[in-house]
Every structure is written in structure tokens, then in C-alpha cells.
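In case you want the letters, here they are:
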Amino acid sequence: MFSPEIYIERRKVLKKSVKSGAIIFPANNIPAMNYPSNNYPFRQDSSFLYYFGIDEPGLMGLIDVDLDQDVLFGDNREIDDVVWMGPADTIQNTAKKVGVEFTFPLSELETRIINYKHAGKEIHYLPPYRCEISGQLSDLLKIDIKEINENASLTLIKSVISQRVIKSQEEIEEIEKALDISHEMYTTAMKMAKPGLTEREIFGKLSGISLARGNGISFPMILSVHGETLHNHHHDNTLEDGQLLLIDSGAESPLHYASDITRTIPVKGKFTKKQKEIYKIVLDAQLAAIKMMKPGAMFKDCHLKAAEVIGLGLKKLGLMQGNIKEAVKKGAHALFFPHGLGHHIGLDVHDMEGLGEDYVGYDSKIKRSNQFGLAYLRMAKALQPGYVITVEPGIYFIPQLIEEWKNSKKFKNYINYDNVEKYIDFGGIRIEDDVLVTEKGHKVLGKPIPKTIAEIEKACN
Ligand code: GLY
Ligand code: MN
Ligand code: MN
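I will try to describe carefully the structure that is included in this document. (Residues numbered from 1 in each chain as written. Chains lettered and ligands numbered in written order. Predicted model: local features only at pLDDT ≥ 70, side-chain atom pairs only at ≥ 80, totals over all residues. Heavy atoms only, no water.)

This part takes up the overall build of the protein. Each helix and strand counted, the protein has 16 helices and 15 strands in total. Taken against the 2.2 N^0.38 rule, which gives 23 Å for 461 residues, the C-alpha radius of gyration of the protein at 24 Å falls within 12% of a compact globule. For the protein, the spread of C-alpha atoms along the three principal axes comes to 70 × 50 × 40 Å. Taken across its 461 residues, the protein has 53% of its residues classed as buried. Counted over contacts in the protein with a minimum sequence separation of 6, partners at least 24 positions apart contribute 73%. About 20,700 Å² of surface is accessible on the protein, with carbon and sulfur atoms providing 54% of the total. Computing the positive centroid from 57 side-chain charges and the negative centroid from 62, the protein places the two 9 Å apart. (Helix = DSSP H or I, 4+ residues; strand = E, 2+ residues; numbered from the N terminus. Rg over C-alpha atoms; globule rule 2.2 N^0.38 Å. Buried < 20%, exposed > 50% of the residue type's maximum accessible area, 1.4 Å probe, protein only. Contact = heavy atoms within 4.5 Å. Areas by Shrake-Rupley, 256 points an atom, 1.4 Å probe, with all protein chains shown as cover. Lys, Arg positive; Asp, Glu negative; His and termini not counted. Charge placed at Lys NZ, Arg CZ, Asp CG, Glu CD.)

The final tally for this structure, using the stated rule, is 2 cavities of 30 Å³ or more. There is about 60 Å³ of room inside the largest cavity. In this structure, the largest cavity is lined by His343, His344, His350, Asp351, Met352, Glu353, Glu357, Val360, Gly361, Arg378 and Met379. A per-class count over the lining of the largest cavity returns 3 nonpolar, 4 polar and 4 charged. The space that makes up the second largest cavity amounts to roughly 40 Å³. Of the residues belonging to the lining of the second largest cavity, the class tally is 3 nonpolar, 2 polar and 2 charged. (1 Å grid on protein atoms, 1.4 Å probe; cavity = no way out; pocket = protein on both sides within 12 Å on 5 of 7 lines; lining within 4 Å. Points joined across faces, edges and corners; volume = space filled by probe spheres on them. Nonpolar A, V, L, I, M, F, W, Y, C, P; charged D, E, K, R; others polar.)

Taken together, Phe219, His231, Asp248, Asp260, His343, His350, Glu392 and Glu432 form the complete shell of residues around ligand 1. His350 is positioned with one of its side-chain polar atoms (N or O) 2.7 Å from an oxygen atom of ligand 1. Within the contact set of ligand 1, an oxygen atom lies 3.2 Å away from a side-chain nitrogen or oxygen of Glu432. When isolated, ligand 1 has an accessible area of 190 Å², and the protein chains bury 92% of it. Looking at the shell around ligand 1 residue by residue, the classes come out as 1 nonpolar, 3 polar and 4 charged. (Near = heavy atom within 4 Å. Polar contact = N/O pair within 3.5 Å; in protein donor to acceptor, adjacent residues only side chain to side chain.)

Next up on the list: the sheet that holds strand β9 (residues 244-249). Read across the sheet, 3 strands follow the order β8-β9-β10 without closing on themselves; strand pairing throughout is antiparallel. In this open sheet, the two strands that pair with only one neighbour each are β8 (222-224) and β10 (261-266). Averaged over neighbouring strand pairs, the angle between their axes works out to 10° when direction is ignored. Along the sheet, helix α8 (residues 169-192) makes contact with β9 and β10, crossing β10 at roughly 10°. (Pairing = 2+ DSSP bridges. Axes fitted to C-alpha atoms, helices over the stretch in contact; angles between N-to-C directions.)

Right, here's the structure in full:
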């Protein structure tokens, strides 16, 4: 964990922002997989980690804003727990490590909440995303479980987002530790990828690296020769000469900060001419979008810039036609680039999405579009120093989507379907990096991972 002062300061800022009442942060529990004592790996709640730093289940953080008091509710391990799970520090010592002075057994939490309610104190909590936590909050606060999410505190949501969204130096260092793991994962994959190998063999190796060096993967890995399926979690294919392998993966640093990187590599170590042409367009789109990133720039404009570079590149290849600015405005490019340019990254790979995507990526100045493609843009608002955002354009040939658009003659003035059909089994290419917005511009975080055609071919061979 970070030093206690960091957590004390984070809670101080939060108290100032929330102004009154009490805030509760439930720690996550160990989720059951197929029977109660066979569990999924434990992952702490990110907001609990941010304000209370303790990577253990069975705790409740409480901040009494009115009394300026930070409290940890939890129980010391009983001898039975020690026998099965080993000894652990006392709750009092653990609390001290994150600058919390007051500790109480969990059994006293309910009385505290009843007293707050009698006193008419507002109790703020974040919207839960696990049913167990919804149940716990429902029991504790006497709110119908179906109404738990709608009763979450908007004041708290907005306060937490405004704080967590700006990354401090020590958080950026953690993200870079995760990126260092990604560097090893990608350079390993580039060396491994060969015809005859299965996706699963590479998937296993990369997962192993993320576990050996950090806290495992930061989201289910996408590793497929069918990169045109945006979130392809199947790893059942055998690699063949001439195919492209798209790997979109991330690692968690020791303190659970995420990386999120995508590279697309040729299976036999050499891109074909056709692959090079498409790859170069995606790379140009990514670099053009990154170049625009600075405080005040709208990330939606970076997205639209990437879309325009993609449109112009595809026009040169004869896949798109007509006025590309107009085509992008109407959404015709989304046949090839149907997702958003990127998202915030931090303790969550899609940072704070559980608190409400639009609160994180949009504000009063910019509303989410409902146009196909643009509607998936998770982050659109003006950039600020300290934001860490992924930049991940792509070009995909999705046979079913092409077929559907072609049959309905959709955007036929902008898309040359006869030429597009020559790419029907091309697959997909995405390139993704994690970019910090600085006072003057931006910085691509982490040790550079081979990205140009020449760098990737060199790393593969
Ligand atoms: N989880 C895929 C991505 O956002 O890159
Ligand atoms: Mn990704
Ligand atoms: Mn991403």
C-alpha cells in the first residue's frame, strides 16, 4: 500500500467535497465459484482500495464527515481462521497502516447506522456492482435491494470521480509498473507467434507472466486470430500462416493499477502488403489522435480525428469514397471502426465505469451521441492534466455487419462494397496505448512496446 499520509489526504479531500453526513465503503468479499468454499480470486473494490488501501475482505470503511472521523469496521482472525488461512495483523495495526485511528468489530456497524438514521444523518454509498454487496447494504440500510442502486449518493459518485480521475505521481508509477509487465507479455507473444501454435498456448504464457510479476490480468484477455470480434475471449484457434493475431490485454500492478495495451501481429512474423496498408492507417490514426491530446482538447475530437484518418486511408485503398469529413459526421466509417477511441484507466481498466460511464466520460457540456459507433465512445469530454486515457483505434472487417449494411445499401455513397468484399476474411487490427495528459500535452506511458511495422517484424523474428 501507499504511505498512510496518502490515504489520510484522500479522505480529507473527499470529506471536503461531500460536505456532510457519513460515507460507507464496503470492502469486497471472496466470491464463490461453484460451491461456497471454492472461490474466484479475491479482488478488492477499487474505491475501497483508493480510500482505505487494505487488500482484505470482510471490512467496512466509514467516514463520518460531520465528526471528521475515519473508521474501520472488521474482525481479528479467530484461531480457526488462523489454522486455515494463517495469521494476520490485528485490525488495529492494519488500520494504522492507512492512517485510520478508530476500529470497531463488524458487529457494531449496525448500531452505528441505526444511530445515524435516528439522528437524520445522510448516509452516502456508491452503487454496488456485486449482488452480495447489494444484499449487505440492503440489510444494513433497510432499503429494498431493488432500490439500492437508485439510492446511491450522486454527491459521493461525483466527488469520488473528480478525485480518482486525476492520477497522482505515485499512481502513474503504479500504472507504469503494470505497463512494464505488459511490455514483457507483448515481446514474449511476438517471439512466440508461429504457425501451428494454438492461441491458448500464448494466452497461458501471457497470463503466467501477469501472475508471476503482478496481480494477474486486469481484464479477460482478448487474444484471437479473429480480431474483428471486438471482445473475443475464445482461444481455440490454431495459428496459420498469413493470419493476424490481435492481443488486447492488461496486467495489474502490485497495488492493482491496470495497464491496457493492444498489438496486432503477423503470425509468421511478416505482414503481407494488404495487412501493411491497413496497419499503417490504424497506426496513423492512433498517432494523430495522441498528437491532439492536451489539456482542454475534447477527447471526442481526438476520436473523430482518428475516424477521419481511417476514412481517408480507406478511401485511398478504394474501400470508402466521397467526402470523408461528411462520411465521418454521418457515421459511415463505423462499418470499419465501430467502437470508441478510448477510456480512462486507473484502479479499474475502464476506470470507475461502475459509478456511471457518463459521469466519468461526459459532462454538462457534452452529451453522448446515439449514432452507431460514436455511441460506444466511453470518454468524450475535455482533457485535464492527470487524466490517463487509452487510445485504441482499429479497423475491422466484420462479415455479418458488412453483409447487413450492403444489403440495406447503407451509406452506399461512402462505401464501395465491391472492394470491401475483397477484405471479407481480413480480420481486424487494433493498436492501443495508455496516455497521460500532462500540463502541456501528453506522454505515452511505459517502456515503448514494438508498434511500427518494422519494430513488430523485428520483435517477431
Ligand atoms: N477491454 C478492452 C479495452 O478496452 O481495450
Ligand atoms: Mn484494451
Ligand atoms: Mn482499452
